[in-house]
Amino acid sequence: EPEVTQTPSHQVTQMGQEVILRCVPISNHLYFYWYRQILGQKVEFLVSFYNNEISEKSEIFDDQFSVERPDGSNFTLKIRSTKLEDSAMYFCASQTGNYGYTFGSGTRLTVV
Amino acid sequence: RKEVEQDPGPFNVPEGATVAFNCTYSNSASQSFFWYRQDCRKEPKLLMSVYSSGNEDGRFTAQLNRASQYISLLIRDSKLSDSATYLCVPRRALTFGSGTRLQVQP
């Protein structure tokens, strides 16, 4: 069964450092998403991406965040200057047609 | 107003029980939904789609009641492995609610 792959599974970074989270969506999917989940809280939408551009973004997705699809397969989330409150599980998802999302297994980001 | 409302639970049921959750939605134009399950510290996984005709997959049955604007998920013969948080999401929605937590006990 096709899957969404995320790397790394865990990332520890110092406050103020830049991090890049990587995702390989399912190859024939057209829509890509980043979500995050702070421990004990609900899954929060960050951004959606279609046709090589951002289609929607939430209030969380401020200037510190950016997304890229640098080639035909990777989809990245960059956080420029991490804060303690960015510590969370970050999920990538992809989707096509009328089907639901397929999520990756996530990257646990810990900012110290 | 939230797109969907779910009882957060937890629903504590014994193994083998039948359990049902409801999810009310606010947008009367919504015509299809998804149920996801999320295990603790794992990603949400698509459980099933729900259209006007409902859907059944093994022990799981989902129904859409458009008149009352809710969808339901029925789990028969519940297993310990069904313990998870169940999330309902309208098809075009980007946001997820907090879901309903199910704990199946031996």
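Our subject is the structure listed above.
The shown structure was predicted, so the numbers you read here are calculated from the model rather than taken from an experiment. (Residues numbered from 1 in each chain as written. Chains lettered and ligands numbered in written order. Predicted model: local features only at pLDDT ≥ 70, side-chain atom pairs only at ≥ 80, totals over all residues. Heavy atoms only, no water.)

Caption draft 1: Quick look at the overall build of chain A. Secondary structure summary: chain A contains zero helices and 11 strands in total. Secondary structure elements in chain A, listed N-terminal to C-terminal, are β-β-β-β-β-β-β-β-β-β-β. Based on the C-alpha atoms only, the size of chain A along its principal axes is roughly 40 × 25 × 25 Å. Of all intrachain contacts in chain A linking residues separated by at least 6 positions in sequence, the fraction that spans at least 24 positions is 52%. (Helix = DSSP H or I, 4+ residues; strand = E, 2+ residues; numbered from the N terminus. Contact = heavy atoms within 4.5 Å.)

Caption draft 2: Summary view of the environment of A:Glu59. Mapped onto the fold, A:Glu59 is located in the loop between strand 6 (53-57) and strand 7 (65-68). The spatial distance from the C-alpha of A:Glu59 to the C-alpha of A:Leu46 is 7.8 Å, given a sequence separation of 13 residues.

Caption draft 3: The side chain of B:Gln6, seen in detail. All names here are of chain B. In this fold, Gln6 is placed in strand 1 (residues 4-6). At a separation of 2.9 Å, a polar atom in the side chain of Gln6 contacts the main-chain carbonyl oxygen of Tyr86. Polar side-chain contacts of Gln6 include one of 3.4 Å to the side chain of Thr100. Residues within four places of Gln6 in sequence aside, it is in contact with Asn22, Cys23, Trp35, Tyr86, Leu87, Cys88, Gly99 and Thr100. (Polar contact = N/O pair within 3.5 Å; in protein donor to acceptor, adjacent residues only side chain to side chain.)

Caption draft 4: Structural detail: the nonpolar core. Grouped together as the largest cluster of nonpolar side chains are 22 residues, with contacts concentrated most on B:Phe21, B:Trp35, B:Ile71, B:Leu73, B:Ile75, B:Tyr86 and B:Leu102. Of all the secondary-structure elements, those providing two or more residues to this core are strand 3 (19-25), strand 4 (33-38), strand 5 (44-50), strand 7 (60-65), strand 8 (70-75), strand 9 (84-90) and strand 10 (100-105) of chain B. In terms of residue count, strand 3 of chain B provides more of this core than any other element does, four residues in total. When sequence neighbours within four positions are dropped, the list of residues in contact with B:Leu73 reads B:Val19, B:Ala20, B:Phe21, B:Trp35, B:Leu47, B:Met48, B:Phe60, B:Thr61, B:Ala62 and B:Tyr86. Membership of the second largest hydrophobic core comes to 21 residues, among which are A:Val19, A:Leu21, A:Phe75 and A:Tyr90. (Core = buried A, V, L, I, M, F, W, Y, C linked by side-chain atoms within 4.5 Å. Buried < 20%, exposed > 50% of the residue type's maximum accessible area, 1.4 Å probe, protein only.)

Caption draft 5: Structural detail: the sheet that holds strand 4 of chain B. All names here are of chain B. Spatially, five strands are ordered 2-10-9-4-5 in an open sheet, and the strand pairing comes out mixed. One side of each edge strand has no neighbouring strand; the edge strands of this open sheet are strand 2 (11-14) and strand 5. For this sheet, the mean inter-axis angle between neighbouring strands, taken without regard to orientation, is 25 degrees. Strand direction decides the pairing type here: strand 2 and strand 10, joined by four bridges, are parallel. Bridge pairing in strand 10 places Val13 opposite Val104. (Pairing = 2+ DSSP bridges. Axes fitted to C-alpha atoms, helices over the stretch in contact; angles between N-to-C directions.)

Caption draft 6: Main features of the pairing of strand 5 (residues 44-50) of chain A. Residues and elements named next belong to chain A. With respect to burial, strand 5 is a largely interior element, five of its seven residues being buried. As judged from the six bridges shared by strand 4 (residues 31-37) and strand 5, these two strands associate in the antiparallel manner. Bridge pairing in strand 5 places Tyr31 opposite Tyr50. Between strand 4 and strand 5, which follow one another and run antiparallel, lie six residues, and Gly40 among them has a positive phi close to 85 degrees. Taking the residues between adjacent antiparallel strands as the criterion, strand 5 and strand 6 are bridged by two residues, where Asn51 takes a positive phi near 55 degrees.

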